[in-house]
Amino acid sequence: MPPLDTCVERLWLLSDAPAHSKERIAPSGTIDLVINLHENELRIYDAAKPERCKRFSGAVVSGTHSGPFVIDPRERVSVIGVRFRPGGAFPFLGTPASELADAHVDLEALWGISAIEIRERLCVAKTPAERFNLLEKALVAHLFRPLERHYAVRFALDTFGRADSGLAIRDVARDAGLSQRRFIQLFAREVGMSPKLFCRVRRFRQALETVRQTAVPNWARVAVDCDYYDQSHLIHDFRLFSNLSPTEYVRQRSECVMQNHATLVG
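Basis of the calculations
Here the residue numbers are simple positions, counted from 1 along each chain's written sequence. This being a predicted model, a pLDDT of at least 70 is required before a residue's local features are given, and a value of 80 or more before pairs of side-chain atoms are given or counted; all residues contribute to the totals for chains, interfaces and linings. Calculated side-chain values reflect all of the structure's heavy atoms, with hydrogen atoms and water omitted. By convention a nonpolar core is built from buried Ala, Val, Leu, Ile, Met, Phe, Trp, Tyr and Cys residues, the set being connected through side-chain atoms within 4.5 Å. Type-normalised accessible area, obtained with a 1.4 Å probe on protein chains alone, sets the label of each residue: buried when under 20%, exposed when over 50%, and partly exposed for intermediate values. Strands are runs of DSSP state E lasting at least 2 residues, helices are runs of H or I lasting at least 4, and numbering of each runs from the N terminus. The contact definition used throughout considers only heavy atoms, calling two residues in contact when any of these lie within 4.5 Å. The salt bridge criterion pairs a side-chain nitrogen of Lys or Arg with a carboxyl oxygen of Asp or Glu, the two atoms within 4 Å. Only rings of Phe, Tyr and Trp enter the pairing, Trp through its six-membered ring, and a pair is recorded when the two centres are within 6.5 Å. The plane angle decides the type: under 30 degrees is stacked, over 60 is edge-to-face, the rest tilted. Placement of a charge over a ring requires the Lys NZ or Arg CZ to be within 6 Å of the ring centre, with the centre-to-atom vector within 35 degrees of the ring normal. For the purpose of counting charges, residues Lys and Arg are taken to be positive, whereas Asp and Glu are taken to be negative. His and the chain ends are not included. Pairing between strands is defined by DSSP: at least two bridges between the two strands are required.

S.K.: Is there a simple way to explain the nonpolar core in this structure?
M.R.: Generally speaking, a soluble globular protein has its nonpolar side chains buried in company with each other. Judged by nonpolar contacts, the single largest core of 33 residues is most densely connected at Leu33, Phe84, Trp111 and Leu139. Broken down by element, the residue count for this core peaks at five residues, all from helix H4 (residues 128-141). Those residues in contact with Trp111 that sit more than four places away from it in its chain are Leu33, Phe92, Ile118, Ala138, Leu139, His142 and Phe144. Core analysis: the second largest hydrophobic core is formed by 32 residues, Phe160, Ala173, Ala176 and Phe238 among them.

Structure follows, in structure tokens:
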């Protein structure tokens with residue numbers, strides 16, 4: 001879907017809510033736009049105390065997170081959304097992505113009254129294709145900045161995306177021709193978190209993907225394969241980013257799906 005494909009990973013539509021309750025959403029280093037087509041409300045639950053929730057309008061931007069939050073899939077009978085690529089949401093926000101870190105924000109706060117109108121049009125649309133087309137047009141209409149990322153951020157994301165990069169943040173800043181401080185500022189502004197935290201989240205997601213592929217994980221091997229110093233380092237990041245130990249994750253993964261909520265892709 002050019003030209004949005006440089007910033008958008010996928011559009012998705014959920015039209016049949018899963019039967020299980022309370023799904024734990026792990027950090028991903030990305031920003032999402034979520035619109036509830038069934039009711040004009042979205043509820044986000046506290047990962048530590050799932051009985052507590054914050055209520056938002058039916059159209060919400062979920063910023064980058066450094067810890068988990070919880071949703072109840074049964075409340076999401078019909079939901080459409082956008083999964084942005086790392087740094088990809090920045091042109092559509094009208095504010096630095098770092099301002100949305102560890103937060104959910106009503107889309108109306110960013111897009112004004114048009115956010116309400118867009119949701120209403122999506123609700124009455126008859127087909128998935130029509131809804132995806134409306135969502136694409138809405139994104140194009142709300143470009144506050146050029147789609148092109150800052151060259152240093154683009155370079156850093158490409159570098160961090162290589163499994164064998166092994167470069168320290170200061171080295172990436174130097175290779176991009178910037179001071180380390182300026183590089184970190186630019187990266188956080190566009191991506192929504194510091195480059196160091198982004199790399200830690202990316203490694204954690206790699207560990208989750210590795211664990212999903214086996215019924216009985218060898219945690220020492222997972223730690224080595226995902227470039228952790230040792231198994232205790234892996235356990236530390238699991239607790240930080242999911243509020244679960246690795247063994248608790250395996251025990252609960254049938255109920256707490258450690259993935260971001262994007263089931264049907266358009």
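So much for the structure itself; the text now carries on.
S.K.: Can you help me understand the pattern of salt bridges in this one?
M.R.: Opposite charge on two side chains allows them to pair when their charged atoms are near. Summed over the entire model, instances satisfying the criterion amount to 14 salt bridges. The salt bridge partner of Glu75 is Arg43, with a shortest N-O separation of 3.2 Å. Separated by 32 residues along the polypeptide, Glu75 in the loop between strand E7 (69-71) and strand E8 (79-84) and Arg43 in strand E4 (residues 42-45) bring together distant segments of the chain. Like Arg43, Glu75 is buried. Close ionic contact of Glu148 with Arg154 constitutes a salt bridge, the shortest N to O distance being 2.6 Å. Assessed through its relative accessible area of 56%, Glu148 is described here as exposed. Looking at Arg154, the relative accessible area reads 33%, which means it is partly exposed.

S.K.: I would appreciate a short explanation of the packing of aromatic side chains in the present structure.
M.R.: Aromatic rings considered in pairs are described by the distance between their centres and by the relative angle of their planes. Applying the stated criterion across every chain yields a total of nine aromatic pairs. Between Phe204 and Phe238, the ring centres sit 5.2 Å apart and the planes meet at 80°, which makes this aromatic pair edge-to-face. Separated by 34 residues along the polypeptide, Phe204 in helix H8 (residues 195-212) and Phe238 in helix H10 (residues 231-242) bring together distant segments of the chain. Stacked on the ring of Tyr228, the Lys or Arg Arg203 has its end atom at 4.4 Å from the ring centre.

S.K.: Quick question: what am I supposed to make of the side chain of Arg119 here?
M.R.: Looking at the secondary structure, you find Arg119 in helix H3 (residues 114-124). Put simply, Arg119 is tucked away with no salt bridge, and the nearest opposite charge, on Glu120, sits 6.3 Å away. Setting aside residues no more than four positions away along its own chain, Arg119 makes contact with Ile35, Asn36, Leu37, His38, Glu39, Asn40 and Gly58.

S.K.: What is the right way to read the pairing of E8 from this model?
M.R.: Successive side chains on a regular strand alternate, one facing one side of the sheet and the next facing the other. Of all the six residues making up E8, six are buried; the element is thus mostly covered by neighbouring parts of the structure. The alternating pattern of E8 places Val79, Gly81 and Arg83 on one face and Ile80, Val82 and Phe84 on the opposite face, and all of these are buried. As judged from the six bridges shared by strand E1 (residues 8-14) and E8, these two strands associate in the antiparallel manner. Its bridge partner being in E8, Leu13 is matched across the sheet by Ile80.

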